Amino acid sequence: MKKIALVSGATAGIGKATAEILAKNGYNVIITGRRNERLLELKKEIENSTDSKVYTLNFDVRDNKQVCEAIDSLPAEWKNIDVLVNNAGLASGLDPIQSGDIEDWEKMIDTNVKGLLYLTRKVSPMMVERRSGHIVNIDSIAGKEVYANGNVYCATKHAVDALTKGMRIDMLPYGVKVSQVSPGMVNTEFSTVRFHGDKERADHTYDGLTPLYAEDIADFILYIVTRPAHVCINDMIVMPAAQANSTVNFRKK
Ligand code: NDP
Ligand code: 8X3
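Caption draft 1: Quick look at the side chain of Thr-50. When you line up the elements, Thr-50 lands in the loop between α2 (36-49) and β3 (54-58). A distance of 3.1 Å separates the side chain of Thr-50 from the backbone nitrogen of Ser-52, its partner in a polar contact. Leave out the neighbours within four places in its chain, and Thr-50 touches Ala-23 and Lys-24.

Spelled out as structure tokens, the structure:
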């Protein structure tokens, strides 16, 4: 019987690439996100190109009622989730604290911290009951370091870093592994979302350097979840070769 992985935020970027690579490697996948047409497209694409099955759940991770109803609606054969990838997340805005937009802050805190918590709270008891499972949180280099104007986004990712560590302790007696990946710059829709749809500004983020791609991160997630039962990768910090840390990049002129 195939294992089941639930990937939050699978309509784009890292989540989409993760659903694709897990399906190619023998997982049935539950894909989630707010843009239902993209979920349906991805389901078609995966089911046409692999022998894995896809189940779509269309909800907003910021709404605990929607999260609970979505997970409760899973048919019995989809309920035994082996892997939960807490990937849905975003940056919104890049402003100094004194002029930051409160709506941007709430969006980031509600998605990156509370959304991750809601989904974990709903799925982890089933893993605990079965004494098996693996949760992979998508953190960031922004969860390790802080950069100018990154204030609230960095705070949410520092929270993810703390939650991964705390969850690992809580899950330990039940054989549920908790890991995270902490990437530097990955070229996805992330920067376009951060700059409120300004794609041209977003594209400049990667001027003069080769960023990571969603497929690079998906590959690490596959590696993490396919280690032997006695091995847990706690954290993987992954950067583009041209990025030393949050603030130091090498850009070709
Ligand atoms: P994308 O913008 O390409 O994808 C983000 C995904 O999250 C989309 O599928 C989106 O789906 C989903 N999402 C956002 N908000 C919600 C919500 N409220 N409810 C449900 N789903 C939501 O960005 P990335 O792939 O880059 O981002 C994925 C994760 O990786 C994030 O947690 C991000 O912080 C992290 N990360 C990204 C880095 C980067 O440089 N790109 C580096 C380090 C970490 P939809 O809009 O359809 O709901
Ligand atoms: C995304 C990476 O450096 O833009 O988490 O914060 S960064």
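Caption draft 2: Here's a closer look at the site of ligand 2. Inspection of the region around ligand 2 gives Ser-140, Ile-141, Ala-142, Tyr-147, Tyr-153, Phe-190 and Arg-194 as its neighbouring residues. The contact in question runs from an oxygen atom of ligand 2 to an N or O atom on the side chain of Tyr-147, over 2.5 Å. A distance of 2.6 Å separates an oxygen atom of ligand 2 from a polar atom in the side chain of Tyr-153. Computed on the free molecule, ligand 2 has an accessible area of 240 Å², of which 86% lies beneath the protein chains in the complex. Assessed atom by atom at 2 Å from the grid points, ligand 2 resides in the largest pocket. Partitioned by chemical class, the residues of the shell around ligand 2 number five nonpolar, one polar and one charged.

Caption draft 3: How the structure looks around the packing of helix α3 (residues 64-72) against helix α4 (residues 102-130). Relative orientation of the contacting elements α3 and α4 amounts to 30°, with a least axis distance of 8 Å. Accordingly, the angle class assigned to the pair α3 and α4 is roughly parallel. For the pair α3 and α4, the crossing hand works out as right-handed. Residues Asn-64, Val-67, Cys-68, Ile-71 and Asp-72 of α3 pack against Tyr-118, Leu-119, Lys-122, Val-123 and Met-126 of α4. When the residues that make up the contact of α3 with α4 are grouped by side-chain class, the tally is seven nonpolar, one polar and two charged.

Caption draft 4: The arrangement of the pattern of salt bridges in detail. Following the criterion strictly, the structure yields 15 salt bridges and no others. One salt bridge connects Arg-62 with Asp-60, and the closest N-O pair in it is separated by 2.8 Å. Assessed through its relative accessible area of 30%, Arg-62 is described here as partly exposed. Given a relative accessible area of 15%, Asp-60 falls into the buried group.

Caption draft 5: Local environment of the nonpolar core. If you look at the biggest cluster of nonpolar residues, it comprises 33 residues, and the most contacted ones within it are Leu-22, Val-29, Ile-31 and Val-181. For this core, the secondary structure elements donating two or more residues are β1 (3-7), α1 (13-24), β2 (27-33), α2, β4 (83-86), β5 (133-138), α8 (214-225) and β9 (235-238). For this core, the leading source of residues is α8, giving seven residues. Not counting residues within four places of it along the chain, the set of residues in contact with Val-181 comprises Val-136, Asn-137, Ile-138, Asp-139, Ser-140, Ile-217, Ile-221, Ile-224, Asp-235, Met-236 and Val-238. Residues Ile-4, Leu-6, Leu-74 and Trp-78 belong to the second largest nonpolar core, which totals 24 residues.

Caption draft 6: Structural view of the packing of aromatic side chains. Tallying each qualifying case throughout the model produces two aromatic pairs. Geometrically, the ring pair formed by Tyr-55 and Trp-78 is tilted, given 5.6 Å between the ring centres and 45° between the ring planes. One end of the pair, Tyr-55, is in strand β3; the other, Trp-78, is in the loop between α3 and β4, with 23 residues separating them in the sequence. Judged by relative accessible area, which is 8%, Trp-78 ranks as buried. Its end group placed over the ring of Tyr-153, Arg-194 keeps NZ or CZ at 5.2 Å from the ring centre.

Caption draft 7: Structural context of the environment of Gln-243. Mapped onto the elements of the fold, Gln-243 is located in the segment after β9. The class for Gln-243 is buried, based on a relative accessible area of 7%. Put simply, Gln-243 and Asn-87 are 156 residues apart on the chain and 22 Å apart in space, counted from C-alpha to C-alpha. Filtering out sequence-adjacent residues up to four positions away, Gln-243 remains in contact with Gly-184, Met-185, Val-248 and Asn-249. Among the polar contacts made by the side chain of Gln-243, one reaches the main-chain amide nitrogen of Met-185 at a distance of 2.9 Å. From its side chain, Gln-243 meets the backbone oxygen of Asn-245 in a polar contact 3.2 Å long.

Cut-offs used in this document
- Residues numbered from 1 in each chain as written.
- Chains lettered and ligands numbered in written order.
- Predicted model: local features only at pLDDT ≥ 70, side-chain atom pairs only at ≥ 80, totals over all residues.
- Heavy atoms only, no water.
- Helix = DSSP H or I, 4+ residues; strand = E, 2+ residues; numbered from the N terminus.
- Polar contact = N/O pair within 3.5 Å; in protein donor to acceptor, adjacent residues only side chain to side chain.
- Contact = heavy atoms within 4.5 Å.
- Near = heavy atom within 4 Å.
- Areas by Shrake-Rupley, 256 points an atom, 1.4 Å probe, with all protein chains shown as cover.
- 1 Å grid on protein atoms, 1.4 Å probe; cavity = no way out; pocket = protein on both sides within 12 Å on 5 of 7 lines; lining within 4 Å.
- Sits in = over half its atoms within 2 Å of the grid points.
- Nonpolar A, V, L, I, M, F, W, Y, C, P; charged D, E, K, R; others polar.
- Axes fitted to C-alpha atoms, helices over the stretch in contact; angles between N-to-C directions.
- Parallel < 35°, antiparallel > 145°, perpendicular 65-115°, else oblique.
- Left-handed = near helix turned anticlockwise from the far one by under 90°.
- Salt bridge = Lys/Arg side-chain N within 4 Å of Asp/Glu carboxyl O.
- Buried < 20%, exposed > 50% of the residue type's maximum accessible area, 1.4 Å probe, protein only.
- Core = buried A, V, L, I, M, F, W, Y, C linked by side-chain atoms within 4.5 Å.
- Phe/Tyr/Trp six-rings, centres within 6.5 Å; stacked < 30°, edge-to-face > 60°.
- Lys NZ or Arg CZ within 6 Å of the ring centre and 35° of its normal.

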